[in-house]
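The lines below spell out each chain.
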Amino acid sequence: MARFRKNGSRIVEVDLAGESVKSLAGAMIAYEGEISFKKAGFGGGEGIRGAIKRKATGESLDLMECTGTGTVYFAHDATEIELVPLASETLQVESSSLLALDSGLKTNVTFTGLRGASAGQGLFTTTVSGNGVVAVLSDGPAISLEVAPQYPLVVDPDAYVASKGQLTQSFVTDVSWRSAIGKGSGEAFSLRFDGSGVVLIQPAER
Amino acid sequence: MPGYVQVNSKVVQVPVAPGREVLARRGAMLAYTGQVTFRPVTAAQGISGMLGRVVAGETVKQMVAEGSGQVFYGHLGLHLTVIDLTPGESLQVEADRLLCHDASLTSSVHFLGQQGGIRGAVRGAVSGQGLFTTQLAGDGSAVVLAHGGAIGLQVTPGRVVAVDPQAYVGHRGQLSVDVTAKVGWREAVGRGSGEAIQLRVQGQGVVYVQASEQKF
């Protein structure tokens, strides 16, 4: 399996020994050894159905496949990187926050409910599942917040990056006459997580 | 010549003394202490040097700091890397990414894809990658800018490093840099991986790469 390692907080190094890793197209900044880059298959390797789903949902995912022997360095726009290991788990992540993932992991588009409507992120999100490591981008250092059945978590949809575990999402609105006349606090829409798992948020609002 | 102090990742403090002037990107001074004056300069390497710069489009306006005191430099909140050069060593850096350096260093314009000859030059121009660099040589320090910080990758014979031209910051040592274009039918039909043009760096030295593909 490809080995992921951070170099500083903004660069991720991936060692390959004949395997491949999928990454955001164009995110390679340097490499050593013999590596070839190829646009990941139609729909990022999700097949024709996956590709149509992405087109239809607007959760576009522009991935390339890097194969060979050596080390590849990935970075994107000087944003911080978080490595999330998955062990037969599923990670929900915004497609715009995905930097690189083990090629053994499966990506898919799922319906997330009403969350996206306010955040302008669409009603769909990308899920990554299987065994391997995912490198997630966050604007500023990300923090992970634990969610337990007795401690539900509410986050700003614009600061939400990814979530993992047995979580259910719901949408919280706090729209009052203040928001209606433009005097709202700016926090009218929030995202609530119940269950148990981890939510990753970034210190910036998209 | 040591003496460059990094105040934080984005600000550098540089000592200036008579006989130890500092050249910097015009407008990059943040603050200074002591008696320091700033005078605009045009890169004075004779007519041919000037011509080279104009042709190469490497015309970042510079200023010289004279007097005695301490000057603080920074630019656009970009991360800085201080590189100390020893006599006999040379550093090549894109002029856009050079913040300041000791005036004792000699600078000249170089073209990165020399090895590729005319074809390399054409390729560089076509790809829109500014591959003309400023070469600094001598005894002194230089400060380079990088979006998101730069990392130095060691290059040794037998360990070739390929770099994205947009992430390339500079390199030092005995290195040759080639522009390689792997343009296939995939690029032609718009299904390229986005990594068609690469810089292949080989020899002995260090190549600096930034954590972003943004030019400034």
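Residues numbered from 1 in each chain as written. Chains lettered and ligands numbered in written order. Predicted model: local features only at pLDDT ≥ 70, side-chain atom pairs only at ≥ 80, totals over all residues. Heavy atoms only, no water.

Another point: the packing of aromatic side chains. All names here are of chain A. Scanning the entire structure with this criterion turns up three aromatic pairs over all chains. Ring centres of Y31 and F37 lie 5.3 Å apart, and the angle between their planes is 55 degrees; on these two criteria the pair is classed as tilted. Y31 sits in the buried class, given a relative accessible area of 2%. Look at F37 and you get buried, because its relative accessible area is 15%. Arranged with centres 5.7 Å apart and planes meeting at 20 degrees, the rings of Y160 and F193 form a pair that is stacked. Of this pair, Y160 sits in strand 11 (residues 160–173) while F193 sits in strand 12 (residues 189–201), and the two are 33 residues apart along the sequence. (Phe/Tyr/Trp six-rings, centres within 6.5 Å; stacked < 30°, edge-to-face > 60°. Buried < 20%, exposed > 50% of the residue type's maximum accessible area, 1.4 Å probe, protein only. Helix = DSSP H or I, 4+ residues; strand = E, 2+ residues; numbered from the N terminus.)

This brings us to the interface of chain B and chain A. Each side of the interface is counted separately: chain B has 27 residues, and chain A has 26 residues. Summed over both partners, the interface of chain B with chain A comes to about 2,100 Å²; 51% of that surface belongs to carbon and sulfur atoms. At the junction of chain B and chain A, the tally comes to one salt bridge. Here A:E32 makes a salt bridge to B:R159, at a shortest N to O gap of 2.5 Å. Along the contact surface separating chain B from chain A lie six residue pairs in polar contact (both at pLDDT 80 or more). A per-element tally of the side of chain B that touches chain A places strand 15 (residues 197–210) of chain B first, with four residues. Counted by class, the side of chain B that touches chain A contains nine nonpolar, 10 polar and eight charged residues. As paired elements, strand 3 (residues 28–39) of chain A and strand 13 (residues 161–163) of chain B share three bridges and run antiparallel to each other. (Contact = heavy atoms within 4.5 Å. Buried area = accessible area lost by both parts, 1.4 Å probe. Salt bridge = Lys/Arg side-chain N within 4 Å of Asp/Glu carboxyl O. Polar contact = N/O pair within 3.5 Å; in protein donor to acceptor, adjacent residues only side chain to side chain. Nonpolar A, V, L, I, M, F, W, Y, C, P; charged D, E, K, R; others polar. Pairing = 2+ DSSP bridges.)

Bringing the pattern of salt bridges into the picture now. The tally for this structure, following the rule as stated, stands at 10 salt bridges over all chains. The partner of A:K164 in a salt bridge is A:E89, with the nearest N and O atoms 3.7 Å apart. One end of the pair, A:K164, is in strand 11; the other, A:E89, is in strand 5 (residues 80–93), with 75 residues separating them in the sequence. With a relative accessible area of 29%, A:E89 lands in the partly exposed category. For B:R39, the salt bridge identified is with B:E66, shortest N-O distance 2.9 Å. With a gap of 27 residues between them, B:R39 in strand 4 (residues 29–41) and B:E66 in strand 5 (residues 62–73) connect regions that are remote in the sequence. One network of salt bridges, with partners in common, ties together A:R5, A:E13 and A:D15.

Most peptide bonds take the trans configuration, and most residues that are not glycine carry a negative phi. Positive phi, normally seen in glycine, also occurs at A:D77, with a value near 50 degrees. Along the chain, A:D77 turns up in the loop between strand 4 (63–74) and strand 5. Using a relative accessible area of 32% as the deciding quantity, one classes A:D77 as partly exposed. For B:L76, which is not a glycine, the phi torsion comes out positive at approximately 55 degrees. Structurally, the position occupied by B:L76 is in the loop between strand 5 and strand 6 (79–85). Note on B:L76: relative accessible area 66%, which makes it exposed.

What follows deals with the pairing of strand 12 of chain A. Residues and elements named next belong to chain A. Alignment of strand 9 (residues 143–147) against strand 12, held across five bridges, turns out to be antiparallel. The residue bridging V147 from the neighbouring strand is G197, located in strand 12. With three bridges joining them, strand 10 (residues 153–155) and strand 12 adopt antiparallel strand pairing. Bridge pairing links V154 to R192 in strand 12. Bridge count between strand 11 and strand 12: 13 bridges; the pairing is antiparallel. When the sheet's bridge partners are listed, G165 is paired in strand 12 with G197.

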